[in-house]
Amino acid sequence: MLKKLTAEFIGTFWLVLGGCGSAVFAAAFPELGIGFLGVALAFGLTVVTMAYAIGHISGCHLNPAVSFGLWAGGRFPTAELIPYMLVQVAGGIVGAYVIYIIASGAPGFDLAGGLASNGYGDHSPGGYDMLSGFITEVLMTFMFLIVIMGATHKLASPGMAGLAIGLALTLIHLISIPITNTSVNPARSTGPALLVGDWAMAQLWMFWVAPLIGAFIAGVVYRWLSPNED
């Protein structure tokens, strides 16, 4: 169990460092910014790389909503759910803190920029309101879990799950970065929010509630939908 939890910590740390780090350091870099497309790809690449690095150790959840959805779908034991979620959040917090330490070494850095925090209303990249953000986070997480459960099903093609899941996360970011800065992952949201405080902490509730709802529904639906699931 300790090895599983350590793998989840490392993997979630990498997801936040790679994904949020690309947003903070490279998205708008003068004359060479990677933009939304680059950030979306960065998040997908973190999942792909970790899927093949630690998937055989911990399952490579990297996300409390993923663990919760797999539990709802009968794919994950109850006894491991809370420990997984705790180390994922811890990995996300450490990843965000490392980004902060590095970013603070640049002239003019200010946490008011958000440190890639998720938000709605005035803190949505596109100015989308709370309802739009909530619907988006539920639906994106629902679809993410459907892909995960399908790609990792015992009847699916072996060896391709990591690529399918990483591409799904890339697509999710391409759709929803303008709306909420894309969470679908409470651990990814919690790390930056704790450092930014203020509005980011006030809005963090949505980036726990909506992904968990979407994940739970997906777990139940896929368990019913899939052949030989039980």
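Residues numbered from 1 in each chain as written. Predicted model: local features only at pLDDT ≥ 70, side-chain atom pairs only at ≥ 80, totals over all residues. Heavy atoms only, no water.

- Where an unreviewed UniProt entry is consulted, the protein chain appears under the name Aquaporin Z, with the organism given as Grimontia marina.
- Turning to the protein chain, the UniProt annotation filed under Function (unreviewed entry) states: "Channel that permits osmotically driven movement of water in both directions. It is involved in the osmoregulation and in the maintenance of cell turgor during volume expansion in rapidly growing cells. It mediates rapid entry or exit of water in response to abrupt changes in osmolarity."
- UniProt, in the comment section headed Subcellular location (unreviewed entry), describes the protein chain in these words: "Cell membrane". (UniProt positions renumbered as here; feature names shortened; annotations may be inferred.)

Let's talk about empty space enclosed by the protein
Unfilled space is identified by rolling a water-sized probe across the atoms.
Thinking step 1. This model, assessed by the stated rule, comprises one cavity of 30 Å³ or more.
Thinking step 2. One number sums up the size of the largest cavity: a volume of about 30 Å³.
Thinking step 3. Within the lining of the largest cavity, the residues separate by chemical class into four nonpolar, three polar and one charged. (1 Å grid on protein atoms, 1.4 Å probe; cavity = no way out; pocket = protein on both sides within 12 Å on 5 of 7 lines; lining within 4 Å. Points joined across faces, edges and corners; volume = space filled by probe spheres on them. Nonpolar A, V, L, I, M, F, W, Y, C, P; charged D, E, K, R; others polar.)

Thoughts on the side chain of Ser 183
Thinking step 1. Residue position: Ser 183 is located in the loop between α6 (161-180) and α7 (186-196).
Thinking step 2. A distance of 2.6 Å separates the side chain of Ser 183 from the side chain of Ser 189, its partner in a polar contact.
Thinking step 3. Discounting residues that sit within four places of it in the chain, Ser 183 has contacts with Asn 118, Glu 137, Arg 188, Ser 189, Phe 207 and Pro 211. (Helix = DSSP H or I, 4+ residues; strand = E, 2+ residues; numbered from the N terminus. Polar contact = N/O pair within 3.5 Å; in protein donor to acceptor, adjacent residues only side chain to side chain. Contact = heavy atoms within 4.5 Å.)

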